[in-house]
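A look at the structure
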Amino acid sequence: MRRIETDIIVIGGGATGAGIARDVSMRGLRCVLIEKNDLASGTTGRNHGLLHSGARYAVKDLESARECIRENRILKKIARHCVEDTGGLFVTLPEDDPMYHRNLIEGCRFAGINAREITVRRALQIEPNLNPAILSALHVPDGTIDPFRLTSANALDASERGAIIMTHTRVNAIIRNGTRVEGVSCIDRKNEQLDIYGSVVINASGVWGQEICSMAGIELAMFPSKGSMLIIDYRINGVVVNRCRPPADGDIIVPGDTVSLIGTTSMEVPYEKIHDNNVTDEEIEVLLSDGEKLIPNVSRTRALRAYSGVRPLIAVSGENTGRNISRGIALIDHNTRDGLEGLITIAGGKLMTYRLMAEKATDLACRKAGVSRKCTTHKVPLPGSEKGISRRRRIKEFSGIPDSVVGSTFYRHGQRLQSIMTREKRNYRLICECEMVTEGEIEYAIKNLNVKDLVDLRRRTRIGMGPCQGELCAYRGSGLLQEYGGASPEESVELLQDFLEERWKGVRPVLWGDGLRESEFTYWIYQGLFGISRPVKIKKKRTD
Amino acid sequence: MKYDALIIGGGLAGLTCGIRCAAAGLRTAILSGGMNSLHFSSGSVDLAGYDDEGELVKKPFEQVKKICRARKDHPYAKAGLPAVKKAMEFFIETTSNAGLTMNHNGDMNHFHITGLGTLKPAYLSQESVFGPRGLEIVNSGGKIAVMNFSGFRDYYPEQTVAYLKKNRIFADRDIVLGEISLPWYMNTQKNMHEFRSTDLARIFETEKYLPRIAEEIRKGAGDATAVSLPAFLGIKNYRAIRKRLEELTGKFIYEIPTLPPSILGLRIDQALKDSFIGYGGEFIAGERAESGPVDSGLLEHINTRNSGIEPVSAKYYVLATGSFFSGGLTSNSQRIMEPVFNFKVDADSKRSKWYSWFFFDAKSHPFLSYGVRTDKNFNPVNEKGNTVKNVFCAGAVLSGYDPVREGCGGGVAISSGFACAGKIIGELKK
């Protein structure tokens with residue numbers, strides 16, 4: 001059994017957990033982050049990647065709207081390479097209540113969000129694919145944010161400042177001494193026990209926080225709400241398109257990287273079902289038909305994947321009636337609430353406010369640890385987002401390498417391009433041709449970004465996220481994973497199979513048209529040509 | 001333009017059918033929409049690899065016989081055992097005449113090695129994959145070198161070795177890894193690390209490079225008696241290249257299919273096309289059938305993508321357009337269709353039944369056995385429910401079998417193509 005001593009222990013490798021690890025490290029404290037799966041593999045990576053302007057909340061929840069616009073401005077500065085400042089529209093369809101448009105303008109004014117009314121003609125000029133029947137349009141400072149990149153950049157910064165990031169490590173027990181929490185006992189990837197001791201444990205495990213609290217012997221009720229989304233192949237809109245009505249299913253289309261996403265459904269689910277990420281045929285139907293109302297050619301574009309996430313809504317006072325459920329940020333000092341010292345829970349909130357949540361949790365942890373340094377995460381850019389050389393200059397510097405290849409790496413890693421790309425031909429050869437992922441990027445990710453399997457590699461690089469969903473690059477990725485020491489040759493084949501099964505989960509609900517065609521081809525290659533499932537027996541359990 | 005036989009689709013089924021028709025003196029044309037699935041096949045022909053329980057089949061014709069008896073909707077049952085046997089003989093002879101030897105293991109299946117080091121059963125393989133010499137090598141117990149072309153991104157020999165070692169046939173064998181490279185070729189303007197198998201096949205096809213390649217093999221393989229290379233020993237004159245390399249190195253050379261394009265498959269494609277054209281067939285590339293009236297129970301003519309309003313007609317038509325990947329079948333969120341003539345298909349109506357929960361489920365996926373519904377003569381049924389007598393269907397567009405789970409994709413394509421040609425020839429004789 002291994003034992004580690006540290007100052008702060010963070011449970012959960014979502015945006016909030018990684019943000020806390022960064023904040024804690026920047027204030028000079030030692031930190032260990034424990035994540036049971038991979039960074040951004042839970043709720044963080046399962047949303048539509050909207051950089052909220054706050055307009056969505058401006059009518060009903062001014063507090064959230066204000067938080068959003070504040071963080072929106074901060075993220076555009078500190079996380080430049082994770083953000084696209086696309087702008088967004090709120091459009092009113094003929095069937096919607098025209099009054100909401102007025103209320104929204106009013107709400108945005110109160111919240112300090114710069115919402116401009118524009119003509120329908122102008123809206124169609126900005127977004128030609130928009131439904132031409134819209135009645136009115138508002139322009140808001142929405143944008144897009146890549147949750148994988150954001151989380152990874154936070155974790156990278158933390159580890160460069162001395163934090164230890166442990167993915168695929170599960171908390172098994174909370175180590176308690178009377179009314180004090182002294183650490184956590186974990187099981188790592190190789191099934192070995194690891195005990196970590198520290199003065200404060202921060203529970204940032206989102207919807208899984210209920211389990212962590214119960215390990216500590218206290219009760220914290222979560223009210224999970226499932227949201228499903230649909231990815232359509234090709235980026236059919238340039239700006240975020242919102243439907244101008246009170247929040248409901250299927251009312252937003254967000255562009256992101258090479259695709260567009262239709263969001264979101266909302267359904268309360270029992271806590272036992274939080275691991276069930278399956279999207280039903282009915283949800284697909286709702287998302288497609290509502291999406292089509294905003295952008296008519298949605299129905300003629302190939303559906304690439306569907307996925308779902310679980311929002312971590314929390315009951316602060318311990319009661320389990322709906323009215324005490326907060327949709328805002330919940331910071332809980334379990335000493336005050338339960339008489340248990342050394343444990344903090346941070347939950348609720350949204351991806352947009354991850355930094356603020358991290359700041360609040362770190363402030364409290366620092367108070368407990370007797371550290372007075374102030375938070376600076378809103379000022380210091382994340383690794384890759386520093387002011388530096390522009391994309392244009394970079395492309396010039398790497399002249400001879402296709403612009404699209406240099407541009408894609410720069411888009412994903414910002415200034416870190418410097419540590420990734422070289423002029424050596426092997427470095428910039430393409431491994432994933434859909435998403436322009438080079439061997440250099442893969443090598444960098446395996447060596448620097450906590451990559452343990454091919455799914456992790458996908459979150460860091462976008463390998464296998466394009467139209468073909470890993471048809472050829474999955475095999476190449478597995479070959480490189482073993483070549484760069486990330487796995488033994490034998491493991492790499494098992495990981496290849498896991499990766500394809502994971503891709504299948506998202507493809508399965510939208511299996512028709514070109515998606516079906518592509519899946520047949522992938523099946524022929526991996527089962528027909530490679531005979532993959534004969535060496536590796538599948539561990540079967542239909543619960544996932 | 002009036003043909004005796006017009007074949008829609010230039011894959012394994014269409015080509016086999018076309019060759020038999022053209023060889024019988026029929027005026028035959030093949031419309032080919034693009035690359036066929038031989039481009040990503042293993043280059044071996046499987047006839048019956050696995051039985052209903054998923055167990056390996058030792059004697060493929062015995063399994064075909066069982067299928068003929070028990071499964072009336074299976075294409076093998078429609079063709080009949082004698083036709084399946086004749087089709088295989090015809091195929092072996094055809095490819096052999098075109099310079100490509102396809103070896104078999106008598107009435108037994110043999111194995112070929114995949115890129116992941118697994119063994120797959122097949123009935124026919126090229127001589128670099130199966131033959132008397134290869135068997136000798138396997139039985140001799142000598143050292144094997146699994147080699148790669150340095151920096152080739154579509155093959156990883158470490159994985160081959162890891163899983164090969166798990167097989168009892170190879171468990172005690174001395175297997176080493178090796179690399180070959182051609183440093184002077186690095187100066188090419190293209191990024192050689194992005195080369196595909198076809199680019200490398202071109203290097204092997206250049207005769208003056210062979211001594212240098214042989215030297216690289218000798219250096220990388222050491223004292224191994226057998227060497228496996230990712231399959232890129234050339235497409236057209238591969239036998240000569242392989243023979244030369246074996247002479248120069250003194251080693252047995254085995255080939256492993258890589259990620260597409262598959263050189264082993266391309267050789268079959270090339271041999272069949274040569275044969276078809278040699279018999280006077282017209283191979284019309286880049287052409288697609290778009291529609292055709294079938295309401296009367298006979299296909300009157302077809303409209304193609306390139307022929308404009310000029311219809312193309314024939315006495316008999318063969319639909320060999322493949323499955324979903326090749327566009328022979330299409331789908332939307334509601335149903336599965338045959339897009340050219342809207343023939344009836346055998347498929348589940350509910351989308352959630354089309355697939356299995358796991359991608360690599362042992363039962364494979366229901367959609368793989370969907371296809372056009374045909375009667376015992378391979379005639380399809382039109383929208384109104386009438387049999388279309390002058391159209392025959394062959395290959396992956398057919399329903400009633402799962403090419404991957406049963407390991408019979410190649411066998412069904414060849415025997416259904418062969419059988420359809422037989423029916424056309426028979427009808428025209430009347």
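To keep things clear, this report deals only with the structure shown in the data block. Small disclaimer: the values here were computed from a predicted structure and weren't measured.

1. Observations regarding the overall build of chain A
Assigned secondary structure in chain A consists of 18 helices and 25 strands. At 23 Å, chain A has a C-alpha radius of gyration in line with the 24 Å of a compact globule built from 544 residues. Based on the C-alpha atoms only, the size of chain A along its principal axes is roughly 65 × 60 × 50 Å. Residues counted as buried form 64% of the 544 residues belonging to chain A. Summarising the internal contacts of chain A: among those between residues at least 6 apart in sequence, 71% fall at separations of at least 24. With an accessible surface of roughly 20400 Å², chain A has 49% of that area assigned to carbon and sulfur atoms. Here chain A holds 77 positive side-chain charges and 69 negative ones, and the gap between their average locations is 4 Å.

2. Notes on the overall build of chain B
Scanning chain B from N- to C-terminus turns up eleven helices and 19 strands. Computed over C-alpha atoms, the radius of gyration of chain B comes to 22 Å, within 12% of the 22 Å expected from 2.2 N^0.38 for 430 residues, which places it in the range of a compact globule. C-alpha atoms of chain B, sized along the principal axes, occupy 70 × 45 × 40 Å. Sorting the 430 residues of chain B into buried and exposed places 60% on the buried side.

3. Here we look at a nonpolar patch on the surface
Side chains of Leu56, Phe111, Val138 and Ile169 of chain B sit close together on the surface and give an oily, nonpolar patch of about 310 Å² of accessible area. With respect to the element layout, leucine 56 of chain B can be found in the loop between strand E2 (28–32) and helix H2 (60–70).

4. A few points about the side chain of serine 331 of chain B
For serine 331 of chain B, the position within the fold is in strand E15 (residues 330–331). Overall, serine 331 of chain B belongs to the buried group, its relative accessible area being 11%. There is a polar contact of 2.8 Å between the side chain of serine 331 of chain B and the backbone nitrogen of glycine 513 of chain A. Once residues within four sequence positions are removed from consideration, serine 331 of chain B is found in contact with Trp512, Gly513 and Leu516 of chain A together with Phe324, Ile336, Met337 and Trp354 of chain B.

5. Description of the environment of proline 183 of chain B
Within the secondary structure layout, proline 183 of chain B lies in the loop between strand E8 (175–180) and helix H7 (197–205). For the pair proline 183 of chain B and serine 150 of chain B, spaced 33 residues apart in the sequence, the C-alpha separation amounts to 9.7 Å.

6. Examining the interface of chain B and chain A
Listed as interface residues are 57 residues of chain B and, on the opposing side, 58 residues of chain A. Carbon and sulfur atoms supply 63% of the area buried between chain B and chain A, which totals about 5600 Å² over both sides. Considering only the side of chain B, the residues that lose the most area to chain A are Trp357, Phe359 and Phe360 of chain B, jointly responsible for 17% of the buried surface there. At the junction of chain B and chain A, the tally comes to five salt bridges. Taking the shortest distance from any N to any O, the salt bridge between glutamate 433 of chain A and arginine 153 of chain B comes out at 3.4 Å. Counting the contacts that link chain B with chain A gives 29 residue pairs in polar contact (both at pLDDT 80 or more). Ranked by the residues each element gives to the side of chain B that touches chain A, the list is headed by helix H6 (residues 157–164) of chain B, at four residues.

7. Looking at the packing of helix H1 (residues 15–26) of chain A against helix H5 (residues 147–160) of chain A
Two quantities define a packed helix pair, namely the angle between the axes and the distance from one axis to the other. Residue and element names in this part refer to chain A. Following both chains from N to C, one finds H1 and H5 inclined at 25°, their axes separated by 8 Å at the closest point. When the axes of H1 and H5 are compared, the pair comes out roughly parallel. Remark: the crossing between H1 and H5 carries left-handed chirality. On H5, the residues touching Ala15, Ala18, Gly19, Ala21, Arg22, Ser25 and Met26 of H1 are Thr151, Asn154, Ala155, Asp157 and Ala158. Of the residues contributing to the contact of H1 with H5, the split by class is six nonpolar, four polar and two charged.

8. Side note on the sheet that holds strand E19 (residues 391–393) of chain B
All names here are of chain B. Read across the open sheet, the five strands follow the order E11-E2-E1-E14-E19; overall the sheet is parallel. The strands lining the two open edges of the sheet, one partner per strand, are strand E11 (282–285) and E19. On average, each strand axis in the sheet is tilted by 20° relative to the strand beside it, whichever way the strands run. In the sheet, strand E1 (residues 2–8) pairs with E2 via four bridges, with the strands oriented parallel. The residue of E2 that forms the bridge with isoleucine 8 is leucine 31. Contacting E1, E2, E11 and strand E14 (313–319), helix H1 (residues 12–23) crosses the sheet at an angle of about 165° to E2.

9. Here we look at the nonpolar core
Formed by 204 residues in total, the largest nonpolar core has its most connected members in Tyr526 of chain A together with Leu245 and Ile302 of chain B. The dominant element in this core, judged by the number of residues it contributes, is helix H11 (residues 409–429) of chain B, at nine residues. If sequence neighbours within four positions are ignored, leucine 245 of chain B has contacts with Phe204, Leu210, Ile213, Ala214, Ile217, Leu233, Gly250 and Ile253 of chain B.

10. A closer look at the sheet that holds strand E10 (residues 252–256) of chain B
Residue and element names in this part refer to chain B. What the four strands build is an open sheet, ordered E8-E7-E9-E10; its pairing is parallel. Only two strands of the sheet have a single partner each, and these edge strands are E8 and E10. Ignoring which end each strand starts from, the neighbouring axes of this sheet average 30° apart. With six bridges joining them, strand E7 (residues 144–149) and E8 adopt parallel strand pairing. Looking across to E8, one finds that phenylalanine 149 is bridged to isoleucine 180. Along the sheet, helix H8 (residues 210–221) makes contact with E7, E8, strand E9 (226–230) and E10, crossing E8 at roughly 145°.

Basis of the calculations
- Residues numbered from 1 in each chain as written.
- Chains lettered and ligands numbered in written order.
- Predicted model: local features only at pLDDT ≥ 70, side-chain atom pairs only at ≥ 80, totals over all residues.
- Heavy atoms only, no water.
- Helix = DSSP H or I, 4+ residues; strand = E, 2+ residues; numbered from the N terminus.
- Rg over C-alpha atoms; globule rule 2.2 N^0.38 Å.
- Buried < 20%, exposed > 50% of the residue type's maximum accessible area, 1.4 Å probe, protein only.
- Contact = heavy atoms within 4.5 Å.
- Areas by Shrake-Rupley, 256 points an atom, 1.4 Å probe, with all protein chains shown as cover.
- Lys, Arg positive; Asp, Glu negative; His and termini not counted.
- Charge placed at Lys NZ, Arg CZ, Asp CG, Glu CD.
- Patch = residues over 30% accessible without salt bridge, like charges linked within 9 Å, V, L, I, M, F, W, Y side chains within 5 Å.
- Salt bridge = Lys/Arg side-chain N within 4 Å of Asp/Glu carboxyl O.
- Polar contact = N/O pair within 3.5 Å; in protein donor to acceptor, adjacent residues only side chain to side chain.
- Buried area = accessible area lost by both parts, 1.4 Å probe.
- Axes fitted to C-alpha atoms, helices over the stretch in contact; angles between N-to-C directions.
- Parallel < 35°, antiparallel > 145°, perpendicular 65-115°, else oblique.
- Left-handed = near helix turned anticlockwise from the far one by under 90°.
- Nonpolar A, V, L, I, M, F, W, Y, C, P; charged D, E, K, R; others polar.
- Pairing = 2+ DSSP bridges.
- Core = buried A, V, L, I, M, F, W, Y, C linked by side-chain atoms within 4.5 Å.

Purely geometric stuff here, so don't read any function into it on its own.
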